[in-house]
Amino acid sequence: MTGPPPHPSPHPHPPEQLPVEAALYEAGFPLDLLTEEQRLVLSELTPQELTLLLDVKNRLDAVGPEVQAHGEIAGGALF
């Protein structure tokens, strides 16, 4: 090896995952909770669809604490 080892990802993914699945896993999508059919649909996303999905998730995560606080206050009854 000619250089230092690569930095490990904060969310390592199994090597058998496809690049789309790896990107989703690293973004925090709970792929292990999905059915095989759902995983197949996600694995067939185009690069543009993947970019859009990750953007939407980032925006949802950005407002996540406010939504979570409402869920904790109301006991989740509103959702």
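Look a little higher up for the structure.
Described below are features of the structure shown in this document.

Attention now moves to the overall build of the protein. On a plain count of helices and strands, the protein comes out with four helices and zero strands. What you see in the protein, going N to C, is helices and strands ordered as α-α-α-α. Within the protein, buried positions represent 19% of all 79 residues. In the protein, once contacts between residues fewer than 6 apart in sequence are set aside, the share between residues at least 24 apart is 35%.

Turning to its location among the elements, Lys57 is positioned in helix H3 (residues 47-62). Under the relative-accessibility criterion, Lys57 is labelled buried at 15%. Linking Lys57 and Leu24, residues 33 residues apart in sequence, is a C-alpha distance of 10.0 Å. Those residues in contact with Lys57 that sit more than four places away from it in its chain are Ala27, Gly28 and Phe29.

In this structure, Val20, Leu24, Phe29, Leu31, Leu42, Leu45 and Leu50 together form the largest nonpolar core, which totals seven residues. The contacts of Leu50, once residues within four sequence positions are left out, are Val20, Ala23, Leu24 and Leu45.

So, about the packing of aromatic side chains. Applying the stated criterion to the full structure yields zero aromatic pairs. The ring of Phe29 carries the charged tip of Lys57 above its face, separated from the ring centre by 5.7 Å.

Cut-offs applied
Residues numbered from 1 in each chain as written. Predicted model: local features only at pLDDT ≥ 70, side-chain atom pairs only at ≥ 80, totals over all residues. Heavy atoms only, no water. Helix = DSSP H or I, 4+ residues; strand = E, 2+ residues; numbered from the N terminus. Buried < 20%, exposed > 50% of the residue type's maximum accessible area, 1.4 Å probe, protein only. Contact = heavy atoms within 4.5 Å. Core = buried A, V, L, I, M, F, W, Y, C linked by side-chain atoms within 4.5 Å. Phe/Tyr/Trp six-rings, centres within 6.5 Å; stacked < 30°, edge-to-face > 60°. Lys NZ or Arg CZ within 6 Å of the ring centre and 35° of its normal.

Function cannot be read off these values alone, since they describe shape.
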